[in-house]
Amino acid sequence: MVGLFSLIAASSLAAQSLPMPNTKPAPGNEIRPAPPHQMVYRPEVYYQLECGGCHLADGEGERKNDIPRMKDFVGHFLSVEGGREFLVQVPGSAYSSFADDQLAELINWIITDGIAGTSKPEEFTPYTAEEVAALRAQPLGKVEETRDVLLDRMRAKDIAIHDGLKDRP
Ligand code: HEC
C-alpha cells in the first residue's frame, strides 16, 4: 500500500513540474537565454548581474548586511601582500558563475574603471584568465581571518580602513 501511495505521489509531483503539452513560449521568448558564463557583456553588466545585489550599484556596500564598501577602498588590497589573491579568492568573486576570463575582466574593471576610485593603485597589472583560474582552484578557507590579516597589513602602511563595516581606527 505504502508503495502504491508513494508511486501516486511521485507521479503527480512529476506531472506538476511538466509544462502543459500545448504550452508555447510567449512571443519573443522562443529562444532561452544562455547562462551568464556563456554570454559576452560589458563588465558593468557582469557586476549588475551578480555583485550589485549585495555590494550595491556603485560599490557602496551595506553595513547592516555586513557587506564591505568597495567604493574608494577595494584597491587598497592590492597594496598589501596577499591582497591580489584575495580579490579573486573571496567567495563573491570565486564562486560567481562567471568564466575565468569574464571574472578577470570584471575585477580589472572594478579596479580601473570607477569602483576602486581613490584607492586605485598607481600601478596595476591586469588579471589574466590564467591567473584567475589558478587562484580559483585554491579556495579561501577562513575568509574573515584572512581579511583581518590584510586589513592589519594596510594599517601597518597607514592606510585608513574605510570599509564601512565597523568603527575602525
Ligand atoms: C551574497 C552577497 C555578495 C555577493 C553576491 C557578492 N559579494 Fe563580494 N563580498 C561580500 C562580503 C560579505 C564580502 C566580505 C568578505 C566575505 O565575508 O566574503 C565581500 C567581499 C568582496 C571583495 C573583497 C573586498 C573586501 O573589502 O573584502 C571583493 C573584491 C568582492 N567581494 C567582489 C565581488 C564580486 C566581483 C562579486 C560578483 C561577481 C561579488 N563580490 C558578489 C558579499 C557578496
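Note: the structure precedes this text.
So, here's what we can say about the structure. Remember, predicted model here, so these are calculated numbers, not experimental data.

### Details of helix α2 (residues 43-50)
Item 1. Within α2 the residues assigned to the buried category are P43, V45, Y46 and Y47.
Item 2. The inward-facing, buried residues of α2 abut α3 (52-55) and α6 (100-112).

### Brief notes about the site of the ligand
Item 1. Neighbouring the ligand are 21 residues; C51, C54, H55, F77 and R147 lie closest to it.
Item 2. Here a nitrogen atom of the ligand and a side-chain polar atom of H55 are 2.9 Å apart.
Item 3. Elements that contribute at least two residues to the shell around the ligand include exactly α3, α4 (83-89), α5 (91-94), α6 and α8 (143-156).
Item 4. Examining the composition of the shell around the ligand, we find that three residues originate from one element, α5, more than from any other.
Item 5. Here the residues of the shell around the ligand sort into 14 nonpolar, four polar and three charged.

### Here we look at the coordination of the iron atom of the ligand
Item 1. Counting protein donors to the iron atom of the ligand gives just one, H55 (NE2), placed at 2.0 Å.
Item 2. When you line up the elements, H55 lands in helix α3.

### Brief notes about α6
Item 1. Across its 13 residues, α6 extends 18 Å between first and last C-alpha, which sits within 8% of the 18 Å expected from 1.5 Å per residue.
Item 2. All of the buried residues along α6 are Q102, L103, A104, L106, I107, N108, W109, I110 and I111.
Item 3. Close packing links the buried residues of α6 with α2, α4, α5 and α7 (129-136).
Item 4. Backbone geometry just downstream of α6 places G114 in the positive-phi region, at approximately 135°.

### Let's talk about the environment of Q38
Item 1. Mapped onto the secondary structure, Q38 falls in the loop between α1 (2-17) and α2.
Item 2. Taking the C-alpha atoms as reference points, Q38 and Q102, separated by 64 residues in sequence, lie 9.6 Å from one another.

### Description of the nonpolar core
Item 1. In terms of nonpolar packing, the biggest core is built from 31 residues, with Y47, V74, F77, L106, I110, Y127 and M154 touching the most fellow members.
Item 2. By residue number, the principal contributor to this core is α6, which donates seven residues.
Item 3. Setting aside its immediate chain neighbours within four residues, V74 contacts L87, I110, I111, A116 and S119.

### Examining the side chain of N108
Item 1. Structurally, N108 is set in helix α6.
Item 2. You can call N108 buried: its relative accessible area is 14%.
Item 3. Engagement of the side chain of N108 in a polar contact is seen with the backbone nitrogen of Y127, the distance being 2.8 Å.
Item 4. Not counting chain neighbours up to four residues away, the residues in contact with N108 comprise D113, F124, P126 and Y127.

### Examining the packing of aromatic side chains
Aromatic ring pairs: the centre-centre distance and the angle between the two ring planes describe each pair.
Item 1. Scanning all chains against the criterion turns up six aromatic pairs.
Item 2. Taking 5.7 Å as the distance between ring centres and 50° as the angle between the ring planes, the aromatic pair formed by Y47 and W109 counts as tilted. In this pair, Y47 sits in helix α2 while W109 sits in helix α6, placing the two residues 62 residues apart along the sequence. The pair formed by Y47 and W109 is uniform in burial state, with each residue classed as buried.
Item 3. Clustering of aromatic rings is evident, with ring pairs tying together Y41, Y46 and F98.
Item 4. Residue placement shows R84 over the ring face of Y127; its charged tip is 4.2 Å from the ring centre.

About the cut-offs
Residues numbered from 1 in each chain as written. Predicted model: local features only at pLDDT ≥ 70, side-chain atom pairs only at ≥ 80, totals over all residues. Heavy atoms only, no water. Buried < 20%, exposed > 50% of the residue type's maximum accessible area, 1.4 Å probe, protein only. Helix = DSSP H or I, 4+ residues; strand = E, 2+ residues; numbered from the N terminus. Contact = heavy atoms within 4.5 Å. Near = heavy atom within 4 Å. Polar contact = N/O pair within 3.5 Å; in protein donor to acceptor, adjacent residues only side chain to side chain. Nonpolar A, V, L, I, M, F, W, Y, C, P; charged D, E, K, R; others polar. Donors = N, O, S within 2.8 Å, 3.2 Å for Na, K, Ca; no water. Expected span 1.5 Å × (residues − 1). Core = buried A, V, L, I, M, F, W, Y, C linked by side-chain atoms within 4.5 Å. Phe/Tyr/Trp six-rings, centres within 6.5 Å; stacked < 30°, edge-to-face > 60°. Lys NZ or Arg CZ within 6 Å of the ring centre and 35° of its normal.

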